[in-house]
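# Structural description and commentary
As a plain string of letters, each chain reads:
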Amino acid sequence: DAGVTQSPTHLIKTRGQQVTLRCSPKSGHDTVSWYQQALGQGPQFIFQYYEEEERQRGNFPDRFSGHQFPNYSSELNVNALLLGDSALYLCASSLAGADTQYFGPGTRLTVL
Amino acid sequence: GIQVEQSPPDLILQEGANSTLRCNFSDSVNNLQWFHQNPWGQLINLFYIPSGTKQNGRLSATTVATERYSLLYISSSQTTDSGVYFCAVDPETSGSRLTFGEGTQLTVNP
């Protein structure tokens, strides 16, 4: 049973560039959530996708956008990268109506 | 929004010792999860425990929902228990979004 997978593992970008991160949910799961974890802090909720729509959004600017595909996989896009966007980006999957979220290994983004 | 406080922020133990980690939250919750983050950043599910007590091997957890706190117990600690332990809560049903505490950094020395 495949768990949550994310790609790429690491990424280095420069300020002003755009980045796309990818996530495949755990088998059987239909809901994907994205979190940002800055160094030394707990993860912060960015947004959640269900049925290809953004269902909830945290306190993040519009530079952060996402997409969910019919196979439930998801992308996180960040435009106009800032130094402060450097973080570990975590994807979590769950089954709609269930409470437990399962996390992927994360993508470590460095913005220079 | 809901606030989550974890204590202590740092904990250093010798192998074989027991420890208790605490999580306080500011509002009633329908979802509470404990995670262990390993040195590579992977968040590993330990417990889903919005109320009551659960045990899994050397780990156990208790949530007293009416008093808005949860405890994670680690017995006979091992060096592989090192890492950051997070408590995460959601006041809504259906696991919509988790609010995390700042974590407890546990170091177990041989």
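Let me sum up the structure you'll find in this document. (Residues numbered from 1 in each chain as written. Chains lettered and ligands numbered in written order. Predicted model: local features only at pLDDT ≥ 70, side-chain atom pairs only at ≥ 80, totals over all residues. Heavy atoms only, no water.)

## Some points on the pattern of salt bridges
Here the idea is simple: oppositely charged side chains can pair when their charged atoms come close. The cut-off we apply is this: The salt bridge criterion pairs a side-chain nitrogen of Lys or Arg with a carboxyl oxygen of Asp or Glu, the two atoms within 4 Å. Note on classification: 1.4 Å probe, protein chains only; a residue is buried when its accessible area is under 20% of the maximum for its type, exposed when over 50%, partly exposed between these limits. Strands here mean DSSP runs of E at least two residues long; helices mean DSSP runs of H or I at least four residues long; both are numbered from the N terminus.
The tally for this structure, following the rule as stated, stands at four salt bridges over all chains. The residue R57 of chain A makes a salt bridge to E54 of chain A at a minimum N-O spacing of 3.0 Å. Note on E54 of chain A: relative accessible area 36%, which makes it partly exposed. Of the charged contacts in the structure, one is a salt bridge between R58 of chain B and D81 of chain B, with a shortest N-O distance of 2.9 Å. Here the residue R58 of chain B occupies a position in the loop between β6 (52-56) and β7 (59-64), and D81 of chain B occupies one in the loop between β8 (69-74) and β9 (83-90), the gap between them amounting to 23 residues. In this structure D81 of chain B comes out as buried when scored by relative accessible area, which is 7%.

## Considerations on the packing of aromatic side chains
Inclusion rule: In this analysis, rings of Phe, Tyr and Trp, with Trp reduced to its six-membered ring, are considered paired at centre separations within 6.5 Å, and the interplanar angle assigns stacked below 30 degrees, edge-to-face beyond 60, and tilted for intermediate values.
Enumeration over the complete set of coordinates arrives at nine aromatic pairs over all chains. On the basis of an interplanar angle of 50 degrees and a centroid distance of 5.3 Å, the ring pair of Y35 of chain A and F103 of chain A is categorised as tilted. Here Y35 of chain A, found in strand β4 (residues 31-37), pairs with F103 of chain A, found in strand β10 (residues 102-103); they are 68 residues apart in sequence, far enough to count as distant. For the pair Y35 of chain A and F103 of chain A, one class covers both residues: buried. Both rings, one in F86 of chain B and one in F100 of chain B, keep their centres 6.0 Å apart while their planes meet at 80 degrees; by these two values the pair is edge-to-face.

## Looking at the interface of chain B and chain A
Frequently, the measure chosen for interface size is the accessible area that the parts lose on association. We apply this condition: Whether two residues touch is decided by their heavy atoms; if any such pair falls within 4.5 Å, the residues are in contact. Here the quantity called buried area is the accessible surface, traced with a 1.4 Å probe, that two parts lose on coming together, added over both. Under the grouping applied here, Gly and all other residues not named as nonpolar or charged are polar, the nonpolar ones being Ala, Val, Leu, Ile, Met, Phe, Trp, Tyr, Cys and Pro and the charged ones Asp, Glu, Lys and Arg.
Counting residues at the interface gives 21 residues for chain B and 25 residues for chain A. Summing both sides of the interface, chain B and chain A together bury roughly 1800 Å²; the carbon and sulfur share of this comes to 43%. Linking chain B with chain A are zero salt bridges. Contributing elements (two or more residues each) for the side of chain B that touches chain A: β4 (31-37) and β5 (43-48) of chain B. With four residues, β4 of chain B is the single largest residue contributor to the side of chain B that touches chain A. When grouped by side-chain class, the residues that make up the side of chain B that touches chain A number seven nonpolar, 12 polar and two charged.

## Quick notes on the state of the cysteines
Defined as follows: The disulfide criterion is simple: two cysteine sulfur atoms within 2.5 Å.
As enumerated under the stated definition, the model contains two disulfides over all chains in all. Sulfur-sulfur distance for the disulfide between C23 of chain A and C91 of chain A comes to 1.8 Å. Handedness of the C23 of chain A-C91 of chain A disulfide follows from its S-S torsion of about -55 degrees: it is left-handed. Here C91 of chain A lies in strand β9 (residues 87-94) and C23 of chain A lies in strand β3 (residues 19-24), a separation of 68 residues in the sequence. Judged by relative accessible area, C23 of chain A falls into the buried class, the value being 3%. Relative accessible area serves as the criterion here: at 0%, C91 of chain A is assigned to the buried category. Across the disulfide from C23 of chain B sits C87 of chain B; the S-S distance is 2.0 Å. The S-S bond linking C23 of chain B to C87 of chain B shows a torsion near -55 degrees; that makes this disulfide left-handed. A residue pair is termed long-range when its members are at least 10 positions apart, and C23 of chain B in strand β3 (residues 19-25) and C87 of chain B in strand β9 qualify at 64 residues.

## So, unusual backbone geometry
The linkage connecting S7 of chain A with the following residue, P8 of chain A, adopts the cis geometry, with an omega of -10 degrees. Note on placement: P8 of chain A falls in the loop between β1 (5-7) and β2 (10-13). A cis amide bond links S7 of chain B to the next residue, P8 of chain B, at an omega of -10 degrees. The residue P8 of chain B is located in the loop between β1 (4-7) and β2 (10-14) in this model. Phi is positive for E52 of chain A, close to 65 degrees, though the residue is something other than glycine. For E52 of chain A, the position within the fold is in the loop between β5 (44-50) and β6 (53-57).

## Focus on the sheet that holds β7 of chain B
To summarise the sheet geometry, strands pair through backbone hydrogen bonds and adopt either a parallel or an antiparallel arrangement. All names here are of chain B. Note the cut-off: A pair of strands is considered paired only if DSSP assigns at least 2 bridges between the two. Whenever a helix is involved, its axis is fitted only over the stretch in contact; in every case the axis is a line through C-alpha atoms, and angles between N-to-C directions fall within 0 to 180 degrees.
Overall, antiparallel pairing links the five strands, which are arranged β1-β3-β8-β7-β6 in an open sheet. Edge positions in the sheet fall to β1 and β6, since each has one partner strand and no second. Between one strand axis and the next, the sheet turns by 15 degrees as a mean value, whatever way the strands run.

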